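# An overview of the molecular structure
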Amino acid sequence: MKAPDLIAPEVPRAAHRTLFSLVSACQLPAIDARFAKAASWSILATAVGYAFSLVTWVIIGRLLRREDFGLLSLIQTTASTFGVFAGLGLGLTTTKYVAALRNTEPQRTGRIIAMTWVISIALSASLAGVLLIYAHNLSGTLGNPALAGQLLISAGSVFFNSINGTQLGVLAGFEDFKGIARANFSKGLCSIVLVAPLISAHGVTGANWTITLAALCACATTQASVRAACKRHHIEPRLAGSSREFAGVLGFSLQSFLGSIAISPVVWLASVTLSKTNGYAALATYSAAEKWYALILFVPIAAARSALPLLANALGTSEHERFHKLLTASLVFNVGVTSAGALLVAAASPLLMRLYGKPYAAGWHTLAILAISTVPAVLNTILGQPLVAAGKVHIRLLADVLLGVLLFTSMRALVPSRGADGLALAYLAAYTGTSIFLAAYLRAWRYSNA
């Protein structure tokens, strides 16, 4: 196959038939040992990250005023949006390429790893620089000129998190979820150690510095893990000859990136709209509830993340039956776990929101709505994976655009009048609509190739 081509070829017609025969007689197929090991380590890696993150944000919520908590959430949402542009979809791209090529074309894999590393540094530095230059103007857009100094600090987290995202993609491609766990542990430990002293000394500024320094710790740990993984697989990252890979990698990366920018600016705009129409306190309530939303999803998203490189690897080696079994296992397992978690968190939402302090207790219904929305959210992820693995990234992109459109229209209709509850309902509506679209497309794809 030529270098510019997508790695995964279109799935043969016979594979299409098996791809969508997902559940038979309500029996979950046996998950092979490789998937179980990868999923277990991926879940552990993600659990470490989410556990530290949740504890850190609970500490922040209890130490800062509610309005300052909302202010910090707006700063981090803004930084995350810049990070999406800096990432250029390279994390998913490196996962797919490394997973598909590491066994059959180690030299090509090394070229791709080296090339994406250089691109990642250049893009991360550029976007962090843009944030530094335009921090004052952007703070005016956010309706609070005092945010300029905070945005300057968050430029560091944009730089380190963007590079880290690409390197985590390499580790996922190697199925090195132990390395991902180490990176998450490093980031979380740094956050826990620094957050209370820095907030006590500097308030919101101290919390912001905590997030940036934690991103630096994670980036350094991930880089060390990537080097070790390359050595284990006898792959040497080298730039020599990497120009021949540029067109293919960039083409896949751009499609993934376009899907991200269809969503991230809308997420940022939703936070800005909520803060402007209902105040920073409303944004604080939503952000506090969102941490538990993420906790519900950590197991299914981690398992799904471990499944993607295995799916791509199965296609790369033409193991279509194994591809089908992995997809079926991923769908049934993740939807089941998510549903159970959603019910538990929704039932316990009054108690969970009180952990942040009494001012957050009234926002329990925001958390209950977000908990329910995790089910269509995980369906959106799982139903999109066979498309990415089969090279149909343009359909995944179309679904992301639809998600962005639905979120924008729902948010505009619901947030001004219903505040944090309205934003939670907007996410529920958007993910439900997108999941229906993906299910309908997969069904039509099945019959068109039967």
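Residues numbered from 1 in each chain as written. Predicted model: local features only at pLDDT ≥ 70, side-chain atom pairs only at ≥ 80, totals over all residues. Heavy atoms only, no water.

Mapped onto the secondary structure, I113 falls in helix α5 (residues 106–133). Overall, the relative accessible area of 4% leaves I113 in the buried class. Dropping the residues within four chain positions of it, I113 is found in contact with V98, V170, F174, C230, I235 and P237. (Helix = DSSP H or I, 4+ residues; strand = E, 2+ residues; numbered from the N terminus. Buried < 20%, exposed > 50% of the residue type's maximum accessible area, 1.4 Å probe, protein only. Contact = heavy atoms within 4.5 Å.)

With that settled, the discussion passes to the confidence of the model for the chain. On average, residues of the chain score 82 in pLDDT, and 85% of them are at 70 or above. For residues 1–31, every residue scores under 50 in pLDDT, and the model assigns this stretch 62 contacts once sequence neighbours within four places are set aside. (pLDDT = per-residue confidence, 0-100.)

Note that side chains of opposite charge can pair when their charged atoms are close. Overall, the coordinates contain 6 salt bridges when judged by the stated rule. For E175, the salt bridge identified is with R102, shortest N-O distance 2.8 Å. Of this pair, E175 sits in the loop between α7 (148–173) and α8 (177–202) while R102 sits in the loop between α4 (90–101) and α5, and the two are 73 residues apart along the sequence. The pair E175 / R102 is uniform in exposure class, with both members buried. Close ionic contact of D400 with R396 constitutes a salt bridge, the shortest N to O distance being 3.0 Å. Here the residue D400 and the residue R396 both occupy positions in helix α15 (residues 393–448), the gap between them amounting to 4 residues, near one helical turn. Just as D400 is buried, R396 falls in that class too. Linked through salt bridges whose partners overlap, the residues forming this network are R65, E67 and D68. (Salt bridge = Lys/Arg side-chain N within 4 Å of Asp/Glu carboxyl O.)

The interhelical angle for the contact between α7 and α8, taken along N-to-C directions, is 155 degrees, at an axis separation of 8 Å. In terms of their interaxial angle, α7 and α8 are classed as roughly antiparallel. Handedness of the crossing formed by α7 with α8: left-handed. For the pair α7 and α8, contact is made by N161, L168, L171 and A172 and by F177, G179, I180, A183 and K187, respectively. (Axes fitted to C-alpha atoms, helices over the stretch in contact; angles between N-to-C directions. Parallel < 35°, antiparallel > 145°, perpendicular 65-115°, else oblique. Left-handed = near helix turned anticlockwise from the far one by under 90°.)

On inspection of all chains with the given rule, the structure shows 8 aromatic pairs. On the numbers, 5.7 Å between centres and 70 degrees between planes, the contact of F69 with Y360 is edge-to-face. You can see F69 sitting in helix α3 (residues 66–87) and its partner Y360 sitting in the loop between α13 (320–354) and α14 (364–389), a full 291 residues away along the chain. Classification of F69 as buried rests on a relative accessible area of 0%. Judged by relative accessible area, which is 2%, Y360 ranks as buried. When the ring of Y286 is compared with that of Y427, the centres are 6.1 Å apart and the planes differ by 20 degrees; the resulting orientation is stacked. Taken together, the positions of Y286 in helix α12 (residues 280–316) and Y427 in helix α15 put the pair 141 residues apart, joining distant regions of the chain. Taken as a pair, Y286 and Y427 share a single burial class, namely buried. The side chain of R66 reaches across the aromatic face of Y360, ending 5.9 Å from its centre. (Phe/Tyr/Trp six-rings, centres within 6.5 Å; stacked < 30°, edge-to-face > 60°. Lys NZ or Arg CZ within 6 Å of the ring centre and 35° of its normal.)

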